[in-house]
Amino acid sequence: MQNGTDLYALNIDGAPFVKACGGPCTEGCVTLARIGDDSWALGDSKRPNAQPLRFTTEELDAAGIDPARFGLSV
């Protein structure tokens, strides 16, 4: 939780997901969207019915994922 916010309670309907591949991927299976202040959703375009996972900016940073690399502002 970030500041007491349940990330899975945040509404992500209509969130603009972008391809977040780390290499020369043509399928763009990993998707990322900002869903709130310091809150992100990470999805899988190959599994569109699977609910995206939710992370804080700190958690993405710890995993080495920089949203700015994919055109998203932090």
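So, a few notes on the structure that sits alongside this text. In this convention, every chain numbers its residues from 1, walking through the sequence in written order. The predicted origin of the model limits local features to residues at a pLDDT of at least 70 and limits the giving and counting of side-chain atom pairs to 80 or more, whereas totals for whole chains, interfaces and linings rest on all residues. Heavy atoms from the whole structure form the basis of all side-chain values; hydrogens and water molecules are not counted.

### Focus: the overall build of the protein
The condition is simple: The way it works is that DSSP assigns letters per residue, a run of H or I at least four long becomes a helix, a run of E at least two long becomes a strand, and they are numbered from the N terminus. With a 1.4 Å probe rolled over the protein chains alone, any residue whose accessible area is under 20% of its type maximum counts as buried; one over 50% counts as exposed, and the rest are partly exposed. Should any heavy atoms of two residues lie within 4.5 Å, those residues are considered in contact. Residue burial considers only the protein chains on display, and all accessible areas are found by Shrake-Rupley using a 1.4 Å probe.
Within the protein, the secondary structure is distributed over one helix and four strands. Reading the secondary structure of the protein in the N-to-C direction produces β-β-β-β-α. Per-residue burial over the protein gives 32% buried out of 74 residues. Here the analysis covers contacts within the protein between residues at least 6 apart in sequence; of these, 35% occur between residues at least 24 apart. A total accessible area of about 4,900 Å² is found for the protein, and carbon and sulfur atoms account for 49% of it.

### Observations regarding the pairing of strand S4 (residues 53-56)
The condition that has to hold: Paired strands, in this sense, are two strands between which DSSP finds at least two bridges.
Side chains Arg54 and Thr56 of S4 all project onto a buried face; the interleaved residues Leu53 and Phe55 project onto a face where none is buried. Relative to S4, strand S3 (residues 39-44) runs antiparallel, the two being bridged by four bridges. Residue tryptophan 40 lies in a different strand from S4, and its bridge partner there is phenylalanine 55.

### Thoughts on the side chain of serine 39
With respect to the helices and strands, the residue serine 39 is situated in strand S3. Exposure remark for serine 39: the relative accessible area of 3% places this residue in the buried category. Beyond its immediate sequence surroundings of up to four residues, serine 39 is in contact with Leu7, Leu10, Ala33, Arg34, Phe55 and Thr57.

### A closer look at the sheet that holds strand S1 (residues 18-19)
As summarised here, the arrangement of the four strands in space is S1-S2-S3-S4, forming an open sheet in which the pairing is antiparallel. Looking at strand neighbours, the two that pair on one side only are S1 and S4, the edges of this open sheet.

### Focus on the nonpolar core
Test applied: By convention a nonpolar core is built from buried Ala, Val, Leu, Ile, Met, Phe, Trp, Tyr and Cys residues, the set being connected through side-chain atoms within 4.5 Å.
Of all hydrophobic cores here, the largest spans seven residues; its members are Ala20, Leu32, Trp40, Leu42, Leu60, Phe70 and Leu72. Residues Ile12, Ala33, Ile35 and Ala41 belong to the second largest nonpolar core, which totals five residues.

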